[in-house]
There are 2 protein chains.
Amino acid sequence: MTRDGGLVLGGMVFYPGGEHVTSWRLPGSEPDAYLDVEYYVRFAQTLERGGFATLFIADELYVWDRFASGIDHAVNIRTEPFTLLGALSQRTEHIGLAATVSTTYNEPYHVARKLASIDHLSEGRAAWNLVTSASDEEAWNFGRDANLDHAVRYRRGAEFVDVVQGLWDSWDDDAFLYDQESGYFAKRDGLHVLDHEGEFFRVRGPLNIARPPQAHPVLFQAGASEAGRALAGAKAEGVFTLWQDDLADAQALYADYKRRAVEHGRDASSMLILPAVSPVIGDTEADALRQLDEIEELTPDRVSLDLLSHYLQTDLSDRPLDAPFEHVFDETAINQSKSVYESIRRIAAEATTLREVYRTILRRRFLPGTPEQIADWLTERYAQDAADGYMLAFSSIPVSVDRFVDQVVPELERRGVYDRAYRGDTLREHLGLARPASRYDGSAAVPAPATVDQEASA
Amino acid sequence: MTRDGGLVLGGMVFYPGGEHVTSWRLPGSEPDAYLDVEYYVRFAQTLERGGFATLFIADELYVWDRFASGIDHAVNIRTEPFTLLGALSQRTEHIGLAATVSTTYNEPYHVARKLASIDHLSEGRAAWNLVTSASDEEAWNFGRDANLDHAVRYRRGAEFVDVVQGLWDSWDDDAFLYDQESGYFAKRDGLHVLDHEGEFFRVRGPLNIARPPQAHPVLFQAGASEAGRALAGAKAEGVFTLWQDDLADAQALYADYKRRAVEHGRDASSMLILPAVSPVIGDTEADALRQLDEIEELTPDRVSLDLLSHYLQTDLSDRPLDAPFEHVFDETAINQSKSVYESIRRIAAEATTLREVYRTILRRRFLPGTPEQIADWLTERYAQDAADGYMLAFSSIPVSVDRFVDQVVPELERRGVYDRAYRGDTLREHLGLARPASRYDGSAAVPAPATVDQEASA
Ligand SMILES: Cc1cc2nc3c(=O)[nH]c(=O)nc-3n(C[C@H](O)[C@H](O)[C@H](O)COP(=O)(O)O)c2cc1C
Ligand SMILES: Cc1cc2nc3c(=O)[nH]c(=O)nc-3n(C[C@H](O)[C@H](O)[C@H](O)COP(=O)(O)O)c2cc1C
């Protein structure tokens, strides 16, 4: 089933240089520009030229120094998403602005304000990507000895969304009178006190900003574990999945998320499934494969090995690279990303040596091909119920962003599955998502604010 | 003693409409524009035209609904400072961008990142105003039953600054190599792990962003209680004081802050004293007084009374307005702003009726006069060791901002105490403040990061 507006594209930045930890070494990369706003402006404006629905700033709350190779070779500097999106709100016109938010290491009142504020500053283009933060290093920056348990993180995440969305409904859309003559700024019955008390949060409210233009900035999520999918089914309006090599696997994953949404009483079309994909675009297939080899060659073995040690929470430094890789996988002992762990388990089951495991991990995240091939693959999955669109993770920025917009986007348009025109004014309108009603709508029983209620005396 | 660069001006927004809770009712106010970025852009660009060192976004973390009049008549919507400053970084060129940060309801890792990020986005124009948050309503939005005690708040504030500044030093200025050829992005010995453990915070670090252009974004503070002044003496580079009617009082206050800085081994010139002042600018003195009357007339009595109830933490709703005001002042029982409480005690000691108390509070915060008179007052205090400059709190925005820049700024220039040209590229340079050295500079004994240290194998 295809969508009315065609497939949806998003563009992400995780490592500022591109999808891979050493993308910064690729030709055309500009590693000394990673804190320069013009670098992100160019990225955003290129995506906007390609009609991308949203850009998305991935984020983590730590420096990857678990292994010294991370300091040596990885990009450990990044701009903070909300301040960056504030800046980009003034340098773009149509594209959505999505910030990553850790629900484990934030307070809902702050996050509700910031997202509402970005939504006002951008006139309805704000979105968030809910993450629960996977590494102990993040915990150490926020007063904890270790990360919260995986299950607890997701329970907290669900409650976090509920509080944030409740706070956004603090003021009715028509609560403000701005009546200079009478002196009435707002209507008392247009204000709602949340009074939330849950397992993780006690938040009275109300929020000190008007209901956002989109009512609720769009919620993206990428949890792939059982707990993560459950949260997505209940709340997410866009889901970032991992690219599946096999079409049938991708269709099954797509169906799984949609089913979960429907089970929550939601319309299947109210949740967009957006597999993350990192195309490596070549003039020929051989050229694309050569570029992929280059990505691999520019990645020190040490980094690949240490990344594997990181994901497996096991120090593999002393293991011989070319001997058979033996490892006892036990998902229950892992408190980082369970889905990443599971994908490595599957790769290891097929590979023989340690080197082969990490090479496969590296190469699997990329999709090498010509613009036509890539457009065909993206079209096929979209047409065959495996995707509503894609979250592009560019192999290098700015080079492969330009290439995608100049070479793949026209191919998608030619195939009739994509239209770069923006539909409507807000991100929600562009995505075809309804503007949520207030939880207080039509409810006469909303408790009045707990204030000293006096007769008005303006 | 006058400063090299002349007196320093800052311009603040607290209520979006201006200094007073009902400024939005004044002629020329635009209350329906308070969430429109163009409103703030105009404000910022006007200040920049007047050569203001910085704009400053005041902030609170709640809706003032303790009394129903607050919902009726006050402005309870505001943009979130960091997202707004991100936006303004792209619409201004020279002016400093100062955000208010509550050290009671924030985490230092987040705040260090955001300020560093604004500093990079603006190429060295970020600043913060440290506040400790005065109202229980703020506590209720962050899972607490009541605010932290006043003394605890200030201890936490001091530790907060120490952590944030330590995090900014995580990477040496020359830590990044960006060496695409060798594959080395950063130098290991350019990275420092904070490993902070204190009364309130445990933060390992390092921060995931490069040292800011200003090294440490400029720190403003306004605490006026004993604890507040102690913190200012130790840390603040700019202090917002309350305007003193009496020149001698202002000089004593100025001397008190400078003395505290010197006692901390600091140069007196490394701390700027900036009294907050709200001029009401008239064509004649009578016109200015008429405008002040108008401000008063447009403020419902109920609001003035409820504000007084708020500051005194005592519900005065039932008291007759025109009977003698009797109130037992007990500073030890107050957990909100102790300095505001003390200023009301002094006013009450001279006033007779309740109405007179709140009228005096309202009128005292404004300074009515002609442009020449106001320029004279500002020049006198600057020349006579009572101020290094001023934090302007405009009685209405945009009207009185335009008036100040067009009418008072030229008068200050004529008197030779002000120069609207920007000096240097960063806010620090403009203010004549040194760029702080890293706490790790020259220290050979910096502990290496606690990582698995392997031989490099790029
Ligand atoms: C496209 C995509 C983007 C992601 N971005 C982030 C991110 O910015 N920050 C983060 O901490 N995790 C990020 N994740 C990880 C997920 O949010 C989630 O934490 C991860 O899939 C592990 O969840 P699980 O335990 O449910 O498998 C991303 C995942 C995907 C597929
Ligand atoms: C010019 C000026 C601006 C201030 N801005 C804020 C603010 O934005 N947010 C806030 O919570 N307090 C603000 N305050 C209050 C002070 O930071 C401080 O909390 C107050 O003076 C009470 O501190 P004290 O208990 O030391 O007297 C401001 C004070 C002044 C003089």
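In this text, all values refer to a predicted model and were calculated from it rather than measured experimentally.

A. Structural view of the domain arrangement of chain A. Residue and element names in this part refer to chain A. For chain A, the domain assignment lists domain 1 (2-169 + 207-287 + 365-457) and domain 2 (296-363). The interface is formed by 22 residues belonging to domain 1 together with 19 residues belonging to domain 2. Around 1900 Å² of area is buried between domain 1 and domain 2 when both sides are counted, 57% of it from carbon and sulfur atoms. Across the contact surface, domain 1 and domain 2 share 0 salt bridges. Here domain 1 is connected to domain 2 by 12 residue pairs in polar contact (both at pLDDT 80 or more). For the side of domain 1 that touches domain 2, the secondary-structure elements that each account for two or more residues are α2 (68-73) and α6 (150-168). Of the residues belonging to the side of domain 1 that touches domain 2, the class tally is 9 nonpolar, 8 polar and 5 charged.

B. Focus on the relation of the copies chain A and chain B. At an RMSD of 0.0 Å, chain A and chain B line up after a rotation of 180° and a shift of 0.0 Å along the axis. Here the two chains are linked by the operation of a two-fold rotation axis. Residue by residue, 100% of the interface of chain A is reproduced at the interface of chain B, so both copies engage with the same surface.

C. A look at the side chain of arginine 25 of chain A. Positionally, arginine 25 of chain A belongs in the loop between β1 (8-13) and α1 (37-49). Buried arginine 25 of chain A, no salt bridge; nearest opposite-charge side chain is glutamate 181 of chain B, N-O distance 6.3 Å. There is a polar contact of 3.0 Å between the side chain of arginine 25 of chain A and the backbone oxygen of glutamine 180 of chain B. Discounting residues that sit within four places of it in the chain, arginine 25 of chain A has contacts with Leu298 and Pro300 of chain A together with Gln180, Glu181, Ser182 and Gly183 of chain B.

D. Region of the structure containing the site of ligand 2. All names here are of chain B. For ligand 2, the set of nearby residues contains 19 residues, the closest of which are Asp59, His150, Tyr154, Ser225 and Ser339. Coverage of ligand 2 by the protein chains reaches 87% of its 620 Å² of free accessible surface. Those elements that provide at least two residues to the shell around ligand 2 are β4 (126-131), α6 (150-168), β10 (238-242) and α11 (338-350). Broken down by class, the residue content of the shell around ligand 2 amounts to 10 nonpolar, 7 polar and 2 charged. Lining the shell around ligand 2 are residues from two domains, each supplying at least three of them: domain 1 (2-169 + 207-287 + 365-457) and domain 2 (296-363).

E. Expanded view of the interface of chain A and chain B. With 93 residues of chain A at the interface, the matching set in chain B holds 93 residues. Regarding the contact of chain A and chain B, the summed buried area is about 7900 Å², with carbon and sulfur atoms giving 57% of it. Put simply, chain A and chain B have 10 salt bridges between them. With a closest N to O distance of 3.2 Å, arginine 204 of chain A and aspartate 65 of chain B form a salt bridge. In this assembly, chain A and chain B are joined by 46 residue pairs in polar contact (both at pLDDT 80 or more). Listing elements by their share of the side of chain A that touches chain B, those giving two or more residues are α2, α3 (81-89), α4 (108-121), β5 (176-179), β6 (184-186), β8 (202-203) and α10 (301-312) of chain A. Take the side of chain A that touches chain B: its biggest share by element is 8 residues, from α4 of chain A. When grouped by side-chain class, the residues that make up the side of chain A that touches chain B number 43 nonpolar, 24 polar and 26 charged.

F. Broad picture of the nonpolar core. Core analysis: the largest hydrophobic core is formed by 176 residues, its most contacted members being Phe52 and Phe404 of chain A together with Phe52 and Phe404 of chain B. Residues in contact with phenylalanine 52 of chain A, not counting those within four places in the same chain, are Leu9, Gly10, Gly11, Leu47, Ile95, Leu392, Phe394, Phe404, Val405, Val409, Tyr418 and Tyr422 of chain A. Counting residues in hydrophobic clusters, the runner-up holds 27 residues, among them Phe220, Ala276, Leu307 and Leu431 of chain B.

G. Expanded view of the site of ligand 1. Residue and element names in this part refer to chain A. Near ligand 1, the surroundings consist of 19 residues, among which Asp59, His150, Tyr154, Ser225 and Ser339 are the closest. Take tyrosine 154: an N or O atom from its side chain is 2.7 Å from an oxygen atom of ligand 1. Between ligand 1 and serine 339 there is a distance of 2.4 Å, counted from an oxygen atom to a side-chain nitrogen or oxygen. Burial of ligand 1 by the protein chains amounts to 87% of its free accessible area of 620 Å². Elements that contribute at least two residues to the shell around ligand 1 include exactly β4 (126-131), α6, β10 (238-242) and α11 (338-350). The residue inventory of the shell around ligand 1, partitioned by class, reads 10 nonpolar, 7 polar and 2 charged. Formed jointly, the shell around ligand 1 draws a minimum of three residues from each of two domains, domain 1 (2-169 + 207-287 + 365-457) and domain 2 (296-363).

Calculation criteria
Residues numbered from 1 in each chain as written. Chains lettered and ligands numbered in written order. Predicted model: local features only at pLDDT ≥ 70, side-chain atom pairs only at ≥ 80, totals over all residues. Heavy atoms only, no water. Domains from an automatic or database assignment. Contact = heavy atoms within 4.5 Å. Buried area = accessible area lost by both parts, 1.4 Å probe. Salt bridge = Lys/Arg side-chain N within 4 Å of Asp/Glu carboxyl O. Polar contact = N/O pair within 3.5 Å; in protein donor to acceptor, adjacent residues only side chain to side chain. Helix = DSSP H or I, 4+ residues; strand = E, 2+ residues; numbered from the N terminus. Nonpolar A, V, L, I, M, F, W, Y, C, P; charged D, E, K, R; others polar. Least-squares fit on C-alpha atoms with pLDDT ≥ 70 in both. Buried < 20%, exposed > 50% of the residue type's maximum accessible area, 1.4 Å probe, protein only. Lys, Arg positive; Asp, Glu negative; His and termini not counted. Near = heavy atom within 4 Å. Areas by Shrake-Rupley, 256 points an atom, 1.4 Å probe, with all protein chains shown as cover. Core = buried A, V, L, I, M, F, W, Y, C linked by side-chain atoms within 4.5 Å.

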